[in-house]
Amino acid sequence: MIDVCLLGTGGMMPLPYRYLTSLMIRYNGTNILVDCGEGTQITAKRLGWSYKAIDLILITHFHADHISGLPGFLLMMGNADRREDVTIVGPEGLERIVRSLLVIAPRLPFKVNCVEIKENEADVSMLGLKITAFKLDHNLTCYGYCFELGRAGRFNPDAAKSLGLPVRTWNILQHGGTVEHEGKIYTSDMVMGEDRKGLKLTYCTDSRPTPSIVSHAKNSDLFICEGMYGEEDGEEKAKEKKHMTMYEAAQLAKEAEVKEMWLTHFSPSLNKPAEYADKVKEIFPDAVIPKDRYVKVLNFEDEDE
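Here goes a summary of the coordinates provided. The shown structure was predicted, so the numbers you read here are calculated from the model rather than taken from an experiment. (Residues numbered from 1 in each chain as written. Predicted model: local features only at pLDDT ≥ 70, side-chain atom pairs only at ≥ 80, totals over all residues. Heavy atoms only, no water.)

We now examine the sheet that holds strand 7 (residues 121-123). The strand order 7-8-9-12-13-14-15 describes an open sheet built from seven strands, whose pairing is mixed. The sheet is open, and its two edges are formed by strand 7 and strand 15 (287-288), each paired on a single side. Bridge count for strand 12 (residues 196-204) against strand 13 (residues 222-226) is four bridges, and the pairing is parallel. Bridged to Tyr203 within strand 13 is Ile224. (Pairing = 2+ DSSP bridges. Helix = DSSP H or I, 4+ residues; strand = E, 2+ residues; numbered from the N terminus.)

Encoded structure:
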């Protein structure tokens, strides 16, 4: 199970009714934050999830609406008595950018570790999640992120019994361990079925449509993608500024065969993004145009509510 919340849905600047695009993921007792524009700490506090427990912050790129809220957010974590290290992952140059921002937050009670991505695609897996960063097509280096939670097969007690394994060894094997019994070594694959379908979440913002978005988002349970423009002349502006329209995002979702798509990073000129929903759904019916702090629980297939 993964809890997902789109903290903000705005692009370029925060508005009184819409904070900047940021994502929080809650899994297995910890939180992951993706992007941290101005005011992110405010909408995070309104959400009510524990921001103190954030161990990993992923930055897509270095435009202000995606990173300028970082000092305030880290200070908020410190004021909540956070003491454990925090890891920040982002494009090459991250260390320099973060240290510059932290000039105004010099006395944090925890260590900040920076991990820079230098390849077009990189494995930045942490906290029990497979996390893949992939380069997008923006006017400076920008990455999307794909999160995958695997799921082991079912334990086969009949197989364990046929091997003569005592019950006390079953739990070890069920959790991927190895046991020795009567001079023989037994591994988990001897008593486990094939891996079951896990969960997949893909986050992509500030980019033109690219084939890599489709390939990385393929069969995602949830695809979160920017849809900055919805108006008729939006595509021209999107091409000029290296962004995406709602309809281009919907086409990517269709090609990637995702279960559900959320649009985000709306232009400040879009007062009511939801008014374009019908047209978006003509391309991809399972599209959502959410408001700030929109939450969904991603469950494994046989655990759906």
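Looking now at the state of the cysteines. Under the counting rule described, the total for this entry stands at zero disulfides. Residue Cys5 stays outside any disulfide, its sulfur separated by 14 Å from that of Cys36, the closest cysteine. In this structure Cys114 is a free cysteine whose sulfur lies 13 Å from that of Cys36, the closest cysteine sulfur available. For Cys114, a relative accessible area of 18% gives the class buried. (Disulfide = S-S within 2.5 Å. Buried < 20%, exposed > 50% of the residue type's maximum accessible area, 1.4 Å probe, protein only.)

A word on the environment of Leu173. Take Leu173: it is sitting in helix 6 (residues 170-174). Among residues more than four places away in sequence, those in contact with Leu173 are Leu165, Thr178, Val179, Tyr186, Thr187, Ser188, Val191 and Met192. (Contact = heavy atoms within 4.5 Å.)

Turning next to the sheet that holds strand 16 (residues 294-298). One open sheet accounts for seven strands, arranged 6-5-4-3-2-1-16; its pairing is mixed. Of all strands in the sheet, those with a lone pairing partner are strand 6 (112-117) and strand 16, marking the two edges. With strand direction ignored, the average angle separating the axes of adjacent strands in the sheet is 20°. Against the sheet, helix 3 (residues 70-79) engages strand 2 (22-27), strand 3 (30-34), strand 4 (54-58), strand 5 (86-91) and strand 6, with an angle of about 175° to strand 4. In the packing of helix 4 (residues 94-101) onto the sheet, contacts are made with strand 5 and strand 6, and the angle to strand 6 comes to roughly 145°. (Axes fitted to C-alpha atoms, helices over the stretch in contact; angles between N-to-C directions.)

Further remarks concern a negative patch on the surface. A surface patch of like charges, here negative, comprises Glu232, Asp233, Glu236 and Glu240. Along the chain, the position of Glu236 falls in helix 8 (residues 234-241). Residue class for Glu236 comes out exposed when judged on its relative accessible area of 63%. (Patch = residues over 30% accessible without salt bridge, like charges linked within 9 Å, V, L, I, M, F, W, Y side chains within 5 Å. Areas by Shrake-Rupley, 256 points an atom, 1.4 Å probe, with all protein chains shown as cover. Salt bridge = Lys/Arg side-chain N within 4 Å of Asp/Glu carboxyl O. Lys, Arg positive; Asp, Glu negative; His and termini not counted. Charge placed at Lys NZ, Arg CZ, Asp CG, Glu CD.)

All right, on to the pairing of strand 11 (residues 184-187) then. Taken together, the four bridges between strand 10 (residues 178-181) and strand 11 define a ladder with antiparallel strand orientation. From the neighbouring strand, Glu180 faces strand 11, where its bridge partner is Ile185. The antiparallel pairing of strand 10 with strand 11 creates a hairpin that spans two residues between the two strands, and Glu182 there sits at a positive phi of about 50°.

The next point concerns the packing of aromatic side chains. Taken as a whole and assessed by the stated rule, the structure comprises one aromatic pair. Relative to Tyr294, the ring of Trp262 lies with its centre 4.9 Å away and its plane at 85°, an arrangement referred to as edge-to-face. Of the two residues, Trp262 is situated in strand 14 (residues 261-264) and Tyr294 in strand 16; the sequence distance between them amounts to 32 residues. (Phe/Tyr/Trp six-rings, centres within 6.5 Å; stacked < 30°, edge-to-face > 60°.)

Right, let's get into the environment of Leu56. For Leu56, the location among the structural elements is in strand 4. Looking at Leu56, the relative accessible area reads 1%, which means it is buried. Residues Leu56 and Lys45, eleven residues apart in the sequence, show an inter-C-alpha distance of 17 Å. Discounting chain neighbours no more than four positions away, the residues touching Leu56 are Asn31, Ile32, Leu33, Thr87, Val89, Met126, Leu127 and Ile131.

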